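# Commentary on secondary and tertiary structure
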Amino acid sequence: MPIGLAANDAPAQERPSVPTAAGSSAVAAQVATYLFLNAEEAAFIEAAVARLIPADDRWPGALEAGVPNYIDKQLNGAWGAGERLYRSGPWQTGTPSQGYQLPFTPAEFFRTAISAINAELRAKTPFAKMTAAEQDTYLHSLEAGGKDLGGVPSNIFFSELWESTVEGFFSDPVYGGNRAMVAWRMIGFPGAYASYYDIVHQHGISVDRGPVSLAEDVHGHVHMNPAIPAHLP
Amino acid sequence: MAERLRPVNVVTVGVGMTGAIMGKELAAAGLKVVGIERGPGRDTVPDFQSPAIHDELRFAIRKALMQDNVKETVTVRNSSDQTALPMRRWIGFLPGTGVGGALVHWNGQTYRFQPADFVYKTHLEQRYGKSFIDPELTVQDWGVTYGELEPHYDRFEYLCGTSGKAGNIKGQIQRGGNPFEGPRSREYPTPPMKEPYYGALFRKGAESLGYHPFPQPASTLSQPYTNPEGLTLQQCVFCGFCERFACEHFAKASPQTIVLPAALKNTNYELRTNCQVLRVNLDSTGKTATGVTYVDAAGREFEQPADIVLITAYAFNNVRLLLNSGIGKPYDPSTGEGAVGRNYAYQTVSASTVFYDADVNINPFMASGSSGTVIDDFSGDNFDHGPHKFIGGAYVGAIMTGGRPIEFHPTPPGTPAWGLGWKQAVARHYNHTVVLTVHGSSHPARHNYLDLDPTYKDAWGLPLLRMTFDFPDNDIRMSSYVTDKATEIGRAMGGKTVASAPRRRPYTTTAYQTTHNTGGAVMGNDPKTSVLNRYLQCWDVSNVFVVGASAFAHNASYNPTNTVGALTFWALDAIKNQYLKSPGPLVHT
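This section reports on the structure supplied with the text. (Residues numbered from 1 in each chain as written. Chains lettered and ligands numbered in written order. Predicted model: local features only at pLDDT ≥ 70, side-chain atom pairs only at ≥ 80, totals over all residues.)

## Things to note about the overall build of chain B
Of regular secondary structure, chain B possesses 13 helices and 22 strands. Computed over C-alpha atoms, the radius of gyration of chain B comes to 23 Å, within 12% of the 25 Å expected from 2.2 N^0.38 for 589 residues, which places it in the range of a compact globule. Its C-alpha atoms give chain B principal-axis dimensions of roughly 70 × 55 × 50 Å. Across the 589 residues that make up chain B, the buried fraction comes to 63%. Taking the contacts inside chain B whose residues are at least 6 apart along the sequence as the reference set, 74% of them involve residues at least 24 apart. (Helix = DSSP H or I, 4+ residues; strand = E, 2+ residues; numbered from the N terminus. Rg over C-alpha atoms; globule rule 2.2 N^0.38 Å. Buried ≥ 20, exposed ≤ 12 C-beta atoms within 10 Å, placed from the backbone. Contact = placed C-beta atoms within 7 Å.)

## Quick notes on unusual backbone geometry
P90 of chain A follows G89 of chain A through a cis peptide bond whose omega is 0 degrees. Locating P90 of chain A in the fold gives a position in the loop between helix 3 (67-76) and helix 4 (106-122). Between S50 of chain B and P51 of chain B the backbone carries a cis peptide bond, its omega angle lying at -5 degrees. Not every positive phi belongs to a glycine, and F250 of chain B is a case in point at roughly 60 degrees. The class for F250 of chain B is buried, based on 23 C-beta atoms found within 10 Å. Although it is not a glycine, N363 of chain B sits at a positive phi angle of roughly 50 degrees. Structurally, the position occupied by N363 of chain B is in the loop between strand 15 (348-355) and strand 16 (373-375). Taking the C-beta count within 10 Å as the criterion, N363 of chain B has 27 such neighbours and is therefore assigned buried.

## Quick word on the interface of chain A and chain B
Facing 64 residues of chain A, the contacting portion of chain B comprises 73 residues. Where the side of chain A that touches chain B is concerned, the elements lending two or more residues are helix 2 (39-52), helix 6 (154-170) and helix 7 (182-187) of chain A. Looking at the side of chain A that touches chain B residue by residue, the class counts come to 39 nonpolar, 18 polar and seven charged. (Nonpolar A, V, L, I, M, F, W, Y, C, P; charged D, E, K, R; others polar.)

## Some points on the sheet that holds strand 5 (residues 85-86) of chain B
Residue and element names in this part refer to chain B. Pairing in this open sheet of four strands is mixed, and the strands run 5-4-20-19 from one edge to the other. Every interior strand has two partners, whereas the edge strands, strand 5 and strand 19 (449-457), have only one. In terms of strand pairing, strand 4 (residues 74-77) meets strand 20 (residues 463-468) through four bridges, oriented parallel. Bridging across to strand 20, T75 finds its partner in R466. Lying on the sheet, helix 10 (residues 315-325) is in contact with strand 4, strand 19 and strand 20; it crosses strand 20 at an angle near 120 degrees. (Pairing = 2+ DSSP bridges. Axes fitted to C-alpha atoms, helices over the stretch in contact; angles between N-to-C directions.)

Right, dumping it as structure tokens:
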């Protein structure tokens with residue numbers, strides 16, 4: 001059989017071996033080196049993503065999965081600098097249908113909004129020091145909008161923070177989140193397998209194999225027909 | 001100052017599907033052809049290979065294969081009284097770039113339009129009377145018939161190796177196919193793909209309600225196939241990385257797998273990549289094109305003289321190039337005069353989501369971009385619109401393109417938007433949910449059009465295209481009606497909960513709907529209401545042909561690629577058999 005799931009014939013990775021919330025301190029102990037976020041920003045991001053996708057007794061949450069590390073690396077890289085973002089003015093608010101219309105790059109956007117939040121809360125209770133319930137209330141207030149975060153409307157900030165959190169949770173671990181593919185294990189997404197041809201017609205089966213990351217050595221299992229030559233210059 | 005290059009016979013502006021096919025064919029006919037592509041060269045090997053190609057973040061979220069917004073985007077507004085603003089990132093639709101164009105990242109859904117679509121106004125008026133069509137809609141005939149296009153549909157499908165089951169061969173209804181389709185001359189080149197579980201569930205539900213499910217025609221192939229160019233495609237393995245990705249398996253029809261290697265073998269054909277065409281140059285009469293001016297990756301400007309200019313880019317870029325070159329009269333919505341930018345249409349897409357018990361494993365990741373099962377009972381004019389106050393329709397089907405989790409993590413109504421409740425709902429429903437697509441027609445309306453933006457410019461200093469669009473009442477009513485049908489099917493499929501969202505106004509760029517932008521340079525019989533004659537030749541400049549979905553007079557219930565392919569071969573035949581023998585207008589007014 002040239003292709004198919006059998007190519008990954010390692011024993012199925014049992015779910016019990018996955019880091020659970022109980023074991024999450026061990027995972028979280030792999031402290032990320034932040035390249036973009038300063039300590040105060042990191043404290044906010046870590047606390048916020050832990051509320052957006054919390055750990056529970058079965059599965060780690062965004063914090064344990066490394067989402068702050070993912071966000072940090074994204075903000076420090078090309079995306080943070082405004083890659084693929086049309087950045088010519090004039091700048092106008094527009095209608096909700098017209099999408100993102102702020103002059104900030106993602107890096108500027110996160111720094112500006114988080115600085116405003118931290119400045120507001122420094123004299124009160126910093127976000128990271130709040131109880132979980134207080135944090136949820138504060139996040140809901142950002143989500144509801146109407147708060148200006150240094151030029152960033154809070155609802156837009158919330159929405160970008162949420163999108164980045166989901167990305168970091170579910171993207172391939174090579175990007176620094178979804179550590180040990182915990183999010184994929186949680187939902188049963190097998191990752192970067194190259195073929196389901198031999199099982200797609202087996203309706204309703206339970207796929208019990210562990211997921212595959214781009215970073216794993218799957219060479220030889222994924223190339224359908226490497227012998228076919230390319231023609232473009 | 002532009003460097004003037006040696007003249008050639010033909011220039012194609014863009015080397016996607018239409019440019020690659022036309023370039024290959026005309027080079028084979030002995031003409032010197034230059035294909036000018038604004039994006040990079042790329043091929044299955046080494047560019048589309050595993051593991052890197054299976055990267056949802058890079059390709060689906062960051063849109064690595066799409067046009068670079070930094071250089072070029074479009075501006076958008078819902079109505080003429082608003083200020084259009086640039087789409088600073090692609091979200092709502094995704095124009096591709098690079099060799100192969102959007103046919104590198106497409107899903108492979110390969111539908112024909114209905115015979116009635118090409119004689120749309122005539123057909124609807126005959127069936128329902130002259131006052132039935134909402135007067136705000138600028139519905140018109142295309143100037144070509146299904147019968148004329150049928151051999152060209154056939155040719156395109158056999159180039160792609162499309163997998164499917166015919167429903168109508170020369171008027172004989174075929175069991176297992178789409179009984180509503182126009183007659184085709186023969187069976188599909190390859191049999192249907194395997195039916196994934198979501199397709200089987202849909203089939204059962206739809207059949208229980210008396211509908212006519214059939215396998216979605218797919219240019220992700222069910223078996224190896226060698227096309228008339230001698231190029232061999234491989235069997236699709238349902239890896240789930242089609243839409244927004246390139247195929248590593250040689251299993252998806254794209255210019256790289258179906259035609260480009262044949263073009264590049266011919267010394268009459270030359271491909272130039274990373275070159276942005278700024279304008280089509282006209283002679284002093286304004287009635288003849290002399291070639292194009294383009295800028296290469298290093299910023300050097302060139303003039304490429306050519307006898308024939310084929311504008312073969314994405315629909316929006318075709319229209320923008322006409323406007324920036326001063327070809328044709330721009331449409332003015334206040335007077336209804338002018339044809340360039342007129343009859344812009346989109347696609348009216350909605351969905352019903354079917355949530356199952358936790359013991360029903362859907363395995364949504366076992367998919368190709370075009371595997372799935374659909375019904376055509378409510379498409380186009382396949383049902384009597386007499387009792388309804390709308391024209392058009394939608395196909396409905398279970399088409400899941402891979403279950404990649406950044407984009408796909410469905411939750412039932414009432415689930416919190418974030419937090420523990422959200423997380424637990426995602427874990428509970430990810431593998432136990434089927435999404436039904438309601439893929440509907442889009443009708444041109446007087447107030448929807450394309451023109452040049454007065455403010456925003458591209459990286460070369462030229463005006464961006466401005467899109468003024470909102471869904472017409474007619475299409476909103478259609479979406480409501482057919483989405484209700486999808487909800488009924490969802491219930492018949494045994495789901496616990498069915499959540500439906502018919503299309504609503506306003507049109508928004510903030511959530512992906514489809515990249516099926518059509519019209520703006522439409523074909524037709526009347527130069528007042530069309531930019532092109534029935535052979536896709538410019539009425540005003542007879543050595544310019546504009547090939548693409550920009551030629552659609554309206555957008556039907558189906559994905560546009562197959563019809564673009566058929567029109568490409570139709571125009572090619574006209575160029576080879578008529579135009580080359582006697583250059584000049586092929587239709588006289």
